[in-house]
Amino acid sequence: MPVTQTDPDDLSQLYDLALSADGTRLAYATPLIGGGAKISVLDVATGRRRDWKTATYSMVGGLSWAPDGRSLACVLNGRTLAVLDLSRPDAARAPDRQERRRRRAVRVGDPHP
């Protein structure tokens, strides 16, 4: 299937991937040249891709879809849990550190949020 975006992904360095529960979308995380990471969601039927980029965090893993497919959870740098709201049309990047602090991010291993 062709990817319709203009910038192809280098999938030789893939951090993580996850297929949505209904099998229609594939989420994957890759590093960005120069630092940071990108989370992409690919529609497997059309090849259309939507990207979220973060310059603050260099490693993204633990991709996990919400049961309704409207959000995607991930682990940033192996210690911070983030949730991407895929239903927001204006969400073009993953949260940075300041946004994470404002939202009171839950760190993996912390007993309470």
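Reading guide: rules and limits
- Residues numbered from 1 in each chain as written.
- Predicted model: local features only at pLDDT ≥ 70, side-chain atom pairs only at ≥ 80, totals over all residues.
- Heavy atoms only, no water.
- Helix = DSSP H or I, 4+ residues; strand = E, 2+ residues; numbered from the N terminus.
- Buried < 20%, exposed > 50% of the residue type's maximum accessible area, 1.4 Å probe, protein only.
- Contact = heavy atoms within 4.5 Å.
- Salt bridge = Lys/Arg side-chain N within 4 Å of Asp/Glu carboxyl O.
- Pairing = 2+ DSSP bridges.
- Axes fitted to C-alpha atoms, helices over the stretch in contact; angles between N-to-C directions.

1. Focus: the overall build of the protein chain
Right, on to step 1. Along the protein chain, the regular secondary structure elements total one helix and seven strands.
Right, on to step 2. Seen in sequence order, the protein chain has helices and strands lined up from the N terminus as β-β-β-β-β-β-β-α.
Right, on to step 3. For the protein chain, with 113 residues in total, the buried portion stands at 35%.
Right, on to step 4. Pairs at least 24 apart in sequence give 38% of the contacts found in the protein chain among residues at least 6 apart.

2. As for the environment of alanine 82
Right, on to step 1. By secondary structure assignment, the location of alanine 82 is in strand S7 (residues 80-85).
Right, on to step 2. For the pair alanine 82 and valine 60, spaced 22 residues apart in sequence, the C-alpha separation works out to 9.8 Å.

3. Some details on the pattern of salt bridges
Right, on to step 1. What the rule picks out here adds up to one salt bridge.
Right, on to step 2. In this structure, arginine 49 and aspartate 51 form a salt bridge, with 2.9 Å as the shortest nitrogen-oxygen distance. In terms of burial, arginine 49 and aspartate 51 fall into one category: buried.

4. Thoughts on the sheet that holds strand S2 (residues 25-31)
Right, on to step 1. Pairing within the open sheet is antiparallel, and its four strands lie in the order S1-S2-S3-S4. The sheet is open, and its two borders are formed by strand S1 (16-19) and strand S4 (49-54), each paired with just one other strand. For this sheet, the mean inter-axis angle between neighbouring strands, taken without regard to orientation, is 15 degrees.
Right, on to step 2. The sheet contact formed by S1 and S2 spans four bridges and is antiparallel. Across the sheet, residue aspartate 16 finds its bridge partner in S2, namely alanine 29.

So yeah, pure geometry; function would need other evidence.
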